[in-house]
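# An overview of the molecular structure
One letter stands for each residue in the lines below.
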Amino acid sequence: MSASIEVRGLSRTFHTTVRRPGFTGTLRSLVNPERVAKHAVSDITFDVSPGELLALLGPNGAGKSTTIKMLTGILTPTSGEARVASVVPYQERERNARNIGAVFGQRSQLWWDLPVRESFSILRDIYEVPKAEHATRLKEFDDLLDLSSFWDTRVRHLSLGQRVRCDLAAALLHDPPVVFLDEPTIGMDVVVKEQVREFLRYQVEERGRTVLLTTHDMTEVERLAERVVLINHGRLVLDGSLDEIRRTFGSTWQIRATFADAHTEVAGLPGIAVLRQDGPQVVFGPEGPDAPSVHQALKTVIERYEVTGVAIDEADLEDVMRAAYVQAGAA
């Protein structure tokens, strides 16, 4: 099965003019302007499979939004290539637009002075969606996002959470196989965030859509993404699972196990060390570069020993990502 999103050596460079201070500096900038190149994205490569939700992470200014703009056809790369649903997005913009949905947290594709329902009708006509399919999808989105309570309200009068829920529905009305979400839940309250997460889980797991998500909300990453691509200063730093990120950037875990027999002889397991023991209570932790994930270690401990209780302590993902950003920035 071919990838829904294919990125190969993608780069984007912007050129800006340096403005010198003072009147003389302004004249010099006009007569002999100095141009400076900024490499927003540099030679990144990754794939996203059908039915996969990938989190594209990085600090502010890392190049996440620039990457999404190239994949949606808004920007043309300086070098490299990309395909989205087998289409080169910046060469076939109209065809690409029919294959994708996009939600940018600070922008809306809805008409500001129209009721939500009318915006949906306009989008139905733009994408030439049959009326019966349109009605079926609206009913599905209403069941998942509770839209009908405010879809006769003008967009300008919606709350942030209501507007983003409507934007999500609008982005999927034409049934695209690929969806791009750039900070979709920024500024939302926790109740609406969870509603949006449930909606996205449904779209990936039940509808098989491919989703590329950028966010600074690590709770969102933990609950939605199985795989992460980390970029910093426009360069790809890591492509892997959350477990791989935890191992790569020094995150630790501990398993506190209570044994059925307090006299059980305890020895270290491959990649798992015994940190301390107090009677029937034993604490295990990772050992060496080949240490397993916490879930693999837990399975090993339970299979090896008879335990009556276990507890897991893991480092917060925000701390892990902070360490990843710092280490990536120093590289």
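For the structure, check the block above.
Definitions and cut-offs
Residues numbered from 1 in each chain as written. Predicted model: local features only at pLDDT ≥ 70, side-chain atom pairs only at ≥ 80, totals over all residues. Heavy atoms only, no water. Pairing = 2+ DSSP bridges. Helix = DSSP H or I, 4+ residues; strand = E, 2+ residues; numbered from the N terminus. Axes fitted to C-alpha atoms, helices over the stretch in contact; angles between N-to-C directions. Buried < 20%, exposed > 50% of the residue type's maximum accessible area, 1.4 Å probe, protein only. Contact = heavy atoms within 4.5 Å. Core = buried A, V, L, I, M, F, W, Y, C linked by side-chain atoms within 4.5 Å. Patch = residues over 30% accessible without salt bridge, like charges linked within 9 Å, V, L, I, M, F, W, Y side chains within 5 Å. Areas by Shrake-Rupley, 256 points an atom, 1.4 Å probe, with all protein chains shown as cover. Salt bridge = Lys/Arg side-chain N within 4 Å of Asp/Glu carboxyl O. Parallel < 35°, antiparallel > 145°, perpendicular 65-115°, else oblique. Left-handed = near helix turned anticlockwise from the far one by under 90°. Nonpolar A, V, L, I, M, F, W, Y, C, P; charged D, E, K, R; others polar.

### Considering the sheet that holds strand β13 (residues 307-314)
The strand order across the open sheet built from four strands is β11-β12-β10-β13, with neighbouring strands paired in antiparallel fashion. Edge positions in the sheet fall to β11 (272-278) and β13, since each of these pairs with one other strand and no more. Sheet twist, expressed as the average angle between the axes of neighbouring strands with direction ignored, equals 20 degrees. Of the strand pairs in this sheet, strand β10 (residues 253-259) and β13 are connected by seven bridges, and their pairing is antiparallel. Considered in β13, the bridge of Gln-254 is made with Asp-313.

### A closer look at the environment of Ala-62
Residue position: Ala-62 is located in the loop between β3 (53-57) and α2 (64-71). The class for Ala-62 is buried, based on a relative accessible area of 1%. Taking the C-alpha atoms as reference points, Ala-62 and Leu-230, separated by 168 residues in sequence, lie 9.2 Å from one another. What Ala-62 contacts, discounting residues up to four positions off in sequence, is Ala-40, Ile-231, Asn-232, His-233 and Gly-234.

### Some points on the nonpolar core
Formed by 49 residues in total, the largest nonpolar core has its most connected members in Leu-57, Phe-120, Leu-147 and Val-221. With seven residues, the single largest contributor to this core is helix α6 (residues 160-172). Excluding residues within four positions of it along the chain, Val-221 makes contact with Ala-55, Leu-57, Thr-215, Val-228, Leu-242 and Leu-317. Counting 25 residues, the second-largest nonpolar core is a separate cluster that includes Leu-54, Ala-62, Ile-68 and Val-178.

### Quick word on a nonpolar patch on the surface
Where nonpolar side chains cluster on the molecular surface, the patch consists of Leu-27, Leu-30 and Val-31 and spans about 340 Å² of accessible area. Assignment of secondary structure puts Val-31 in helix α1 (residues 22-31). For Val-31, a relative accessible area of 72% puts it in the exposed group.

### Structural notes on the packing of helix α4 (residues 116-126) against helix α5 (residues 131-145)
Packed helices, taken two at a time, are described by the angle between their axes plus the distance between the axes. Running from amino to carboxyl end, α4 crosses α5 at an angle of 135 degrees, the nearest separation of the two axes being 11 Å. Classified by the angle their axes make, α4 and α5 are oblique. For α4 against α5, the interelement crossing comes out right-handed. Judged by residue contacts, Phe-120, Ser-121 and Arg-124 of α4 engage Lys-131, His-134 and Leu-138 from α5. Per-class residue counts for the contact of α4 with α5 are two nonpolar, two polar and two charged.

### A few points about the sheet that holds β3
Strand order across the open sheet formed by six strands is β5-β6-β7-β3-β8-β9, with mixed pairing between neighbours. Edge strands, defined here as strands with exactly one partner in the open sheet, are β5 (100-104) and β9 (235-241). Between one strand axis and the next, the sheet turns through 15 degrees on average, direction left out of account. Bridge count for β5 against strand β6 (residues 178-182) is five bridges, and the pairing is parallel. Its bridge partner lying in β6, Ala-102 is registered against Phe-180. Across the sheet, α2 touches β3, β5, β6, β7 (210-214) and β8 (227-232), and the angle it forms with β6 is around 150 degrees. Of the strands in this sheet, β5 and β6 are in contact with α6, which crosses β5 at around 165 degrees.

These results come straight from atomic positions and should not be treated as a statement about function.
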